[in-house]
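What the coordinates show
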Amino acid sequence: MTRSEPVLLIVTQPRQHRIMIVITTPTGIIGAAVAESLNAAGQALRLIVRDPAKLPPRLTQPAEVVVGSHNDPAVLDQALTGADALFIVVPPNFRADDVTEYYLGFARPIADAVRVHEVPRVVAVSSLGRGFTQPAGMLSAAWAMDDVLESSGAAYRSLQAAFFMENLLHQRDSITTGTFTMTADPDSEVATVACTDIADAAATLLSDATWTGSQGIPIRDPHDHTPRQLGQIMSDALRRSVVYRQSTFAEYRESYAAHGASPATVQGLVEMAEAQAAGVYPPADGTGNGTTFAEWCATVLTRAVTAPAASR
């Protein structure tokens, strides 16, 4: 009887497919946060950027970089080859001749490229209030983008954001001296959102290869506040008085026109403000774990107001 030799069994696990995620506007507030989060999680990234010099080295070393704009079919053809997911932000353009056509100038070539390359999942930043029947300027343009991207054949998630808290940073000098302005009625509630919450939602969706279909995802503070309440919350965080002053729509229009915005952009911004005043955003129900305005003020606003003027 011979003694059998031991048999060594080597069991190999199939290599998990590392999904390729394409990020637009990776130098913007939201796009950069999404790219940083996914890079930290070890995801494979491809970044579409007009000026790669603005990318931090920690992103350019591991990520693929495609130089150009994501409204360019040639750029999209290069960027979406082999892509598993795509994140879209339409960059602002205050000199657009037609606001809706500007958004569709990105949405149409993206939808075409998504179909050609059979990209499975698309996530885009849009607006809360879709279905509002009155003119809503910039918001209407974002919803038109949603319609086109939904027709691409990809699974689609529309991140439906409220009024960006970060918009108030444009007024940090006046907030520092004690006032801020909006067009909203002082006692009408305003829906707000922190940009970090939009980025977090996007990163979570882009990392998940299991979802299908089309859906809107509301992103917002769990609670709405009136402008007076916003002023009080800012006052508490900054430990100085911040008082709300309601701006007229005429003043709002004149302000953007004076800063060089095109007539179409000015009209789009005014229509958006009018829609917000008319209740375009559904009221918050107090649920969810979004960043509250008080939390945002305690961190982002406080840091912005106390930063040296040269670093602002």
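Residues numbered from 1 in each chain as written. Predicted model: local features only at pLDDT ≥ 70, side-chain atom pairs only at ≥ 80, totals over all residues. Heavy atoms only, no water.

Brief notes about the pairing of strand β2 (residues 44-49)
- Of all six residues in β2, six are buried; the element is thus mostly enclosed.
- Burial along β2 is two-sided: the face carrying Ala44, Arg46 and Ile48 and the face carrying Leu45, Leu47 and Val49 are both buried.
- Two elements, strand β1 (residues 20-24) and β2, share five bridges in a ladder whose sense is parallel. Within the sheet, the bridge partner assigned to methionine 20 lies in β2 and is alanine 44. (Buried < 20%, exposed > 50% of the residue type's maximum accessible area, 1.4 Å probe, protein only. Helix = DSSP H or I, 4+ residues; strand = E, 2+ residues; numbered from the N terminus. Pairing = 2+ DSSP bridges.)

A short note on unusual backbone geometry
- Even without glycine at this site, threonine 25 takes up a positive phi of about 45°.
- When you line up the elements, threonine 25 lands in the loop between β1 and α1 (29-40).
- One non-glycine residue, arginine 239, lies in the positive phi region at around 60°.
- By the element assignment, arginine 239 lies in the loop between α8 (227-238) and β11 (243-246).

A closer look at the packing of helix α9 (residues 249-258) against helix α10 (residues 263-277)
- Orientation of α9 relative to α10, taken along the N-to-C sense of each, is 150°, at an axis distance of 9 Å. With respect to each other, α9 and α10 are oriented roughly antiparallel. Taken as a pair, α9 and α10 cross one another with a handedness that is right-handed. The residues of α10 that touch α9, namely those facing Phe249, Tyr252, Arg253, Tyr256 and Ala257, are Val266, Gln267, Leu269, Val270, Ala273, Glu274 and Ala277.
- Tallied by class, the residues present in the contact of α9 with α10 amount to nine nonpolar, one polar and two charged. (Axes fitted to C-alpha atoms, helices over the stretch in contact; angles between N-to-C directions. Parallel < 35°, antiparallel > 145°, perpendicular 65-115°, else oblique. Left-handed = near helix turned anticlockwise from the far one by under 90°. Contact = heavy atoms within 4.5 Å. Nonpolar A, V, L, I, M, F, W, Y, C, P; charged D, E, K, R; others polar.)

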